[in-house]
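Each chain, letter by letter, is given below.
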Amino acid sequence: MGWALRPAVTADIEVVAELRAEVMRADLERLGRYDEHRVRQRLRDSFSPRHTSIITVEGDLAGCVTVRPARGRQWLEHFYLAPHCQGRGLGSAVLRTVLERTDTQGMTVALNVLQGSAARRLYERHGFVVETQDPVDVFMVRPPDRSDRVA
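Every chain begins its residue count from 1, and numbering advances along the sequence as written. In view of the model being predicted, local features appear only for residues whose pLDDT reaches at least 70, and side-chain atom pairs are presented and counted only at 80 or more, with totals across whole chains, interfaces and linings using the full set of residues. Hydrogen atoms and water are omitted, and side-chain values are computed over all heavy atoms in the structure.

## Comments concerning the overall build of the chain
Link 1 in the chain: A count of helices and strands for the chain gives four helices and seven strands.
Link 2 in the chain: Just to be clear, the radius of gyration here is over C-alpha atoms, and the globule rule we use is 2.2 Å times residues to the power 0.38. Relative to the 2.2 N^0.38 estimate, which gives 15 Å for 151 residues, the radius of gyration of the chain is 15 Å and therefore close to what a compact globule would have.
Link 3 in the chain: With respect to the principal axes defined by its C-alpha atoms, the chain has extents near 50 × 40 × 30 Å.
Link 4 in the chain: Out of the 151 residues in the chain, the part that is buried amounts to 44%.
Link 5 in the chain: By sequence separation, contacts in the chain at least 24 residues apart represent 59% of the contacts at least 6 residues apart.
Link 6 in the chain: For the chain, the computed accessible surface area is about 8,400 Å², with 49% contributed by carbon and sulfur atoms. Numbering goes from the N terminus for both helices and strands, where a helix is a DSSP run of H or I of at least four residues and a strand is a run of E of at least two. For every residue, the accessible area obtained with a 1.4 Å probe (protein chains only) is divided by the maximum for its type, and the residue is called buried under 20%, exposed over 50%, and partly exposed between those limits. Every residue pair with non-hydrogen atoms within 4.5 Å of one another is taken to be in contact. Surface accessibility in these figures is a Shrake-Rupley result with a 1.4 Å probe; residues are shielded only by whichever protein chains are displayed.

Below is the structure:
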C-alpha cells in the first residue's frame with residue numbers, strides 16, 4: 001500500500017472531525033458516550049495543524065495522526081484511519097514511522113485509548129504499556145527505543 005504523510009492545514013479540520021466521528025462511533029456507543037456534536041467538537045477544540053499529519057494512500061485521505069509535546073513527553077493523539085484502510089498494516093506502518101521519529105528525539109510517547117478498543121492491541125504490539133486507566137480510558141506509555149543507538 002503506497003502511503004505518505006503530509007502536514008495538516010487548517011482546512012483539514014472538518015474532514016478530520018468527520019473521520020473521528022466515523023471511526024470512534026462504535027466504541028463510544030458501546031461505552032454509552034457517543035454524542036453526535038461532541039465527538040466532532042472535541043477534535044475541533046484541540047486540532048493543531050502544526051502537530052498533525054494527514055495520512056494519504058495514493059493521494060487520497062486515509063487518516064491522520066497528531067504528535068504534540070506535553071509535560072516532557074510526546075502525546076500521540078487523533079490517530080484515525082478510515083475504515084476501508086484498517087486491518088491492512090497501514091496503522092502499524094504509520095505508527096512505526098512516528099515512533100522512529102520520537103526514538104531519535106529520545107522521547108517517551110504517551111496516549112490514551114478507549115476501554116475495549118481494538119486499537120489497544122496495535123499499541124501493545126509497538127511497546128506501549130498501561131500507565132493508568134479509568135472506566136472509559138486506558139492511558140499508555142512507551143519509552144524511547146534505544147536499541148539502535150551506539151553506546
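## Section: the nonpolar core
Link 1 in the chain: Here, nonpolar core refers to any group of buried Ala, Val, Leu, Ile, Met, Phe, Trp, Tyr and Cys residues whose side-chain atoms link them within 4.5 Å. Residues L76, F79, L90, Y123 and F128 are the most contacted members of the largest nonpolar core, which totals 39 residues.
Link 2 in the chain: Among the elements that make up this core, the one with the highest residue count is helix α1 (residues 13–30) (six residues).
Link 3 in the chain: Sequence-distant contacts of F128, defined by excluding residues within four places in its chain, comprise L76, L99, V109, L111, Y123, M140, V141 and R142.

## A look at the layout of surface pockets
Link 1 in the chain: Within this scheme a cavity is a closed region of a 1 Å grid, computed over the protein atoms alone, that accommodates a 1.4 Å probe without allowing it to escape, whereas a pocket is open but has protein on both sides within 12 Å along at least five of seven lines; lining residues each have an atom within 4 Å of a point. Grid points are joined across faces, edges and corners, and a volume is the space filled by probe spheres set on the points. Looking at the largest pocket, its volume works out to about 1,300 Å³.
Link 2 in the chain: Lining the largest pocket are 44 residues, and of these M24, F79, Y80, V113 and A119 sit closest to its centre.
Link 3 in the chain: Of all the secondary-structure elements, those providing two or more residues to the lining of the largest pocket are α1, α2 (38–46), β4 (73–81), α3 (90–104), β5 (109–114), α4 (119–125) and β7 (137–142).

## Some details on the sheet that holds strand β2 (residues 52–57)
Link 1 in the chain: Any two strands with at least two DSSP-identified bridges between them are counted as paired. Read across the open sheet, the seven strands follow the order β1-β2-β3-β4-β5-β7-β6; overall the sheet is mixed. The open sheet has two free edges, formed respectively by β1 (3–7) and β6 (129–133), since each of these has just one partner strand. Neighbour-to-neighbour, the strand axes of this sheet turn through a mean angle of 30°, independent of strand direction.
Link 2 in the chain: Note: β5 against β7, six bridges, orientation antiparallel. When the sheet's bridge partners are listed, L114 is paired in β7 with D137.
Link 3 in the chain: Helix axes are fitted only over the stretch in contact, all axes being lines through C-alpha atoms; the angle between N-to-C directions runs from 0 to 180 degrees. Where α1 meets the sheet, its contacts fall on β2, β3 (60–70), β4 and β5, and the angle it forms with β4 comes to roughly 85°.
Link 4 in the chain: Contacts from α3 reach β1, β2, β3, β4, β5 and β7 within the one sheet, and its direction differs from that of β4 by about 165°.

## Remarks on unusual backbone geometry
Link 1 in the chain: In this structure, E58 takes a positive phi of about 50° despite not being glycine.
Link 2 in the chain: Within the secondary structure layout, E58 lies in the loop between β2 and β3.
Link 3 in the chain: A relative accessible area of 71% means that E58 is categorised as exposed.
Link 4 in the chain: Phi is positive for R71, which is not a glycine, with a value near 55°.
Link 5 in the chain: Within the secondary structure layout, R71 lies in the loop between β3 and β4.
Link 6 in the chain: By relative accessible area, which is 73% here, R71 ends up exposed.

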